[in-house]
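Examination of the molecular architecture
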Amino acid sequence: MSSGTVISVENLGKTYRVSHQAERQRYVALRDVLADRIKGFSPFRSRRTASRSSTEDFWALKDVSFEVRQGEVVGIIGRNGAGKSTLLKILSRITEPSKGRVRIKGRVASLLEVGTGFHPELTGRENTFLNGAILGMSRAEIKRKFDEIVSFAEVERFLDTAVKHYSSGMYVRLAFAVAAHLEPEILIVDEVLAVGDADFQRKCLGKMQDVANKGRTVLFVSHQLGVLKALCSSGILLKGGKSHYYQRIEPTIQEYLDSFQEAPKAPVRNNPFIESIEIGLNRKGPGHVFFGEALDIVIALRKLTPAQIGINLSIRNQSGRLLALFSTNPHDGVRIPVQREVRLIFTMEFCCFSPGKYFVDIAVTEPAVRIIEELPNAATFEILPKCIGGHWPYEARFGDVFPQHSWHVAVC
Amino acid sequence: MTASASATPSDLHAPVFDLTLEPGSAEKDYWLDLWRYRELFIILAMRDISVRYKQTVIGAGWALIQPVLTMIVMTIVFGKVAGLHSDGAAPYPIMVFAAMLPWMFFSSALSSASQSMIGNANLISKVYFPRLIIPASSVVTSFADFVVSLLLLIGLMSWYRFPPSWNILALPVFIGIVFLAALGPGLFITALNVKYRDFRYVIPFLIQFGLYVTPVGFSSSVIREKLGAKLFFFYSINPMVGVIDGFRWAILGKNSPLDLPGFFLSLLVTALLLGLGISYFRKTEKGFADII
């Protein structure tokens, strides 16, 4: 072990118990437990009862090992579901690991959410003390920094107003200000900087930079690759429950972007519901669609669908940011027949995503109840540039989307 | 902070870690950890109390109206209609009120503790602290109402010109006991409620049922006369019987002698429930963040 190590993670793993049929929510109803017990005693014990309790262990983190030295600012990257949140939760002691070991030296503060524990009925002053205590500051410490926190948040005039009367900007500013004045040796930050206006974000980043410059250790999760690049010295890429540590942040980001290229193509593994996904077959070859033309996504479903299901289709850009989510909804008249082979065709008449590469996540749901199966990065497609109405080709630098719109000039 | 201050040169070569997280590590230093987080405990309790009394004008009023109305109804039903006797020469309303103080505290502590985890779900899934703090601070919140009703009792006693005896000095001891009597089952129910989300439908029934098997509206001496000393001993398995007899002994003085075997049985059950509550809570709390 090298000197100056403040966090040492060895073979860390975390399992969650995933139950397939019986549970609709994560918690159990006592009624069901009792009913199952009683059925267990009765001679009419059916096979259905046995299948109800079928559970499976899901490893959110499998084998994660890394070391962080004092003063490092580590960016943690990974696709959705790679285990970033689980890792942060273990490091902040919210949940226990299932295997492996974490050793930490120094006081840890974690900021997984801005304004945790804020109560709308309490005043700004009261909430500052409350939130500070929740984040691990002592009363004396908060008192000492109180003026600084208040002026950072720019809420001096509203200190004795209940925060339910605050604007959302003020709320977030106060919440972040409290967190920013934590002085731990190790700071764990989840994607919380993506709040507030641009001005305030800059201020927050400056504060993070200060923390880093003072020789404190920071672990930072974000999808904003630019921010990571600016702030972090080293990186950890989480992928399939495992971790890869990099001395510098740039290769981490590169590796992360490359991981999207490996996205599995249709047909989709041995998934119980979805047979294949095809995109834009009728245009310029599979997976390519011209900007402004129709985007078709065809999802072929197997015959096995046991009950009413729905499909959620989400579209992400290259840095993993969710751009749109579409779902079939029986109330809108989209009914997927049970026990039939079905081809589900999604059409966007005017494809308004700017040219570039996109990723499609598919989730099979029990409508409005739960997600049965998730297929992240089930397919990819590329939008090709095209001139619309004689203008220049729309490009990514003009924004992520370019919806159909019109201008009207009214002369007064 | 202290870790870096106490760093010695040898630390540079073999880092000394302050904290080790591995499966089952939450068990170690459990009570020490609880002590470290005492400030959070106080602040959470203060938050709940101030929200409760701020939200409504009724907040404080409710703490007054509820026990007074209940006392009047019970005095009429049990004292006048059923014609049950009071303890010695003590006025019936005071005897009822002396029991309602601990009972209302007990029942409101149970129901608010059971809701506390769900109510603070976002805290639990975002921040670490010993989870025991949450139900414990909700019990403290119910205690605020208890203090308000205690003032009412003083008013009632001066209205009836019923001076307390020296026994009243022992009241803090019994207050401590009712606190523990509420905490034990409270923790148990809290943990059950996180795990089985429909358990909350059972709680109001349990509390209502408890009211019938607890001598609130009538003196426990009435029960003793009907059941005989032996059966009454088993009646004291209900820990609130001992607590209420204790309160009446402290408030009503020699009008209400304390049945010692029964009282100690209640104490024993209280301790047992507390141990059971804490151990079940500790067993399940590790998983709270995963299922809440």
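Residues numbered from 1 in each chain as written. Chains lettered and ligands numbered in written order. Predicted model: local features only at pLDDT ≥ 70, side-chain atom pairs only at ≥ 80, totals over all residues.

1. Examining the nonpolar core
Side chains of a nonpolar character, in soluble globular proteins, are inclined to be buried together. Core analysis: the largest hydrophobic core is formed by 135 residues, its most contacted members being Phe220 of chain A together with Val178 and Ala182 of chain B. For this core, the leading source of residues is helix H5 (residues 92-119) of chain B, giving 16 residues. Setting aside its immediate chain neighbours within four residues, Phe220 of chain A contacts Val73, Val74, Gly75, Ile76, Val189, Leu231 and Cys232 of chain A. Core analysis: the second largest hydrophobic core is formed by 24 residues, Phe291, Phe359, Val364 and Phe381 of chain A among them. (Core = buried A, V, L, I, M, F, W, Y, C linked by C-beta atoms within 7 Å. Buried ≥ 20, exposed ≤ 12 C-beta atoms within 10 Å, placed from the backbone. Helix = DSSP H or I, 4+ residues; strand = E, 2+ residues; numbered from the N terminus. Contact = placed C-beta atoms within 7 Å.)

2. Details of the interface of chain B and chain A
Taken together, the contacts link 38 residues of chain B with 43 residues of chain A. At 8 residues, helix H3 (residues 38-55) of chain B tops the list of elements feeding residues into the side of chain B that touches chain A. Taken together, the residues that form the side of chain B that touches chain A break down as 20 nonpolar, 7 polar and 11 charged. The sheet contact formed by strand E4 (residues 99-104) of chain A and strand E1 (residues 19-21) of chain B spans 3 bridges and is antiparallel. Directly across from Val102 of chain A, in E1 of chain B, lies its bridge partner Leu21 of chain B. (Nonpolar A, V, L, I, M, F, W, Y, C, P; charged D, E, K, R; others polar. Pairing = 2+ DSSP bridges.)

3. Observations concerning the confidence of the model for chain B
All names here are of chain B. Averaged over every residue, the pLDDT of chain B is 85; residues scoring 70 or more account for 92%. Every residue in residues 1-13 is under pLDDT 50, and counting partners more than four places away or in other chains gives 11 contacts. This prediction of the complex comes with two scores: 0.71 for pTM and 0.78 for ipTM. (pLDDT = per-residue confidence, 0-100.)

4. Structural notes on the environment of Ser86 of chain B
Within the secondary structure layout, Ser86 of chain B lies in the loop between helix H4 (57-81) and H5. For the pair formed by Ser86 of chain B and Asn122 of chain B, sequence separation is 36 residues and the distance between their alpha carbons is 49 Å.

5. Notes on the pairing of strand E13 (residues 310-316) of chain A
Residue and element names in this part refer to chain A. By the bridge criterion, 7 bridges tie E13 to strand E16 (residues 356-366) in an arrangement that is antiparallel. For Ser314, the partnering residue across the bridge sits in E16 and is Asp361. Pairing of E13 with strand E14 (residues 322-327), which is carried by 5 bridges, proceeds in the antiparallel orientation. Counted as the bridge partner of Leu313 is Phe326 from E14. A loop of 5 residues connects E13 with E14, the two strands running antiparallel in sequence, and Gly320 in this loop sits at a positive phi of about 85°.

6. Here's the deal with the packing of H5 of chain B against helix H8 (residues 171-195) of chain B
Residue and element names in this part refer to chain B. At their nearest, the axes of H5 and H8 sit 8 Å apart, and the two run at 30° to each other. Judged on the interaxial angle alone, H8 and H5 are roughly parallel. Note on packing geometry: the crossing formed by H5 with H8 is right-handed. Side by side, H5 and H8 meet where Pro102, Phe105, Phe106, Ala109, Leu110, Ala113, Ser114, Ser116, Met117 and Ile118 of the first sit next to Val178, Ala181, Ala182, Pro185, Gly186, Ile189, Thr190, Asn193 and Val194 of the second. Partitioning the contact of H5 with H8 into residue classes produces 14 nonpolar, 5 polar and no charged. (Axes fitted to C-alpha atoms, helices over the stretch in contact; angles between N-to-C directions. Parallel < 35°, antiparallel > 145°, perpendicular 65-115°, else oblique. Left-handed = near helix turned anticlockwise from the far one by under 90°.)

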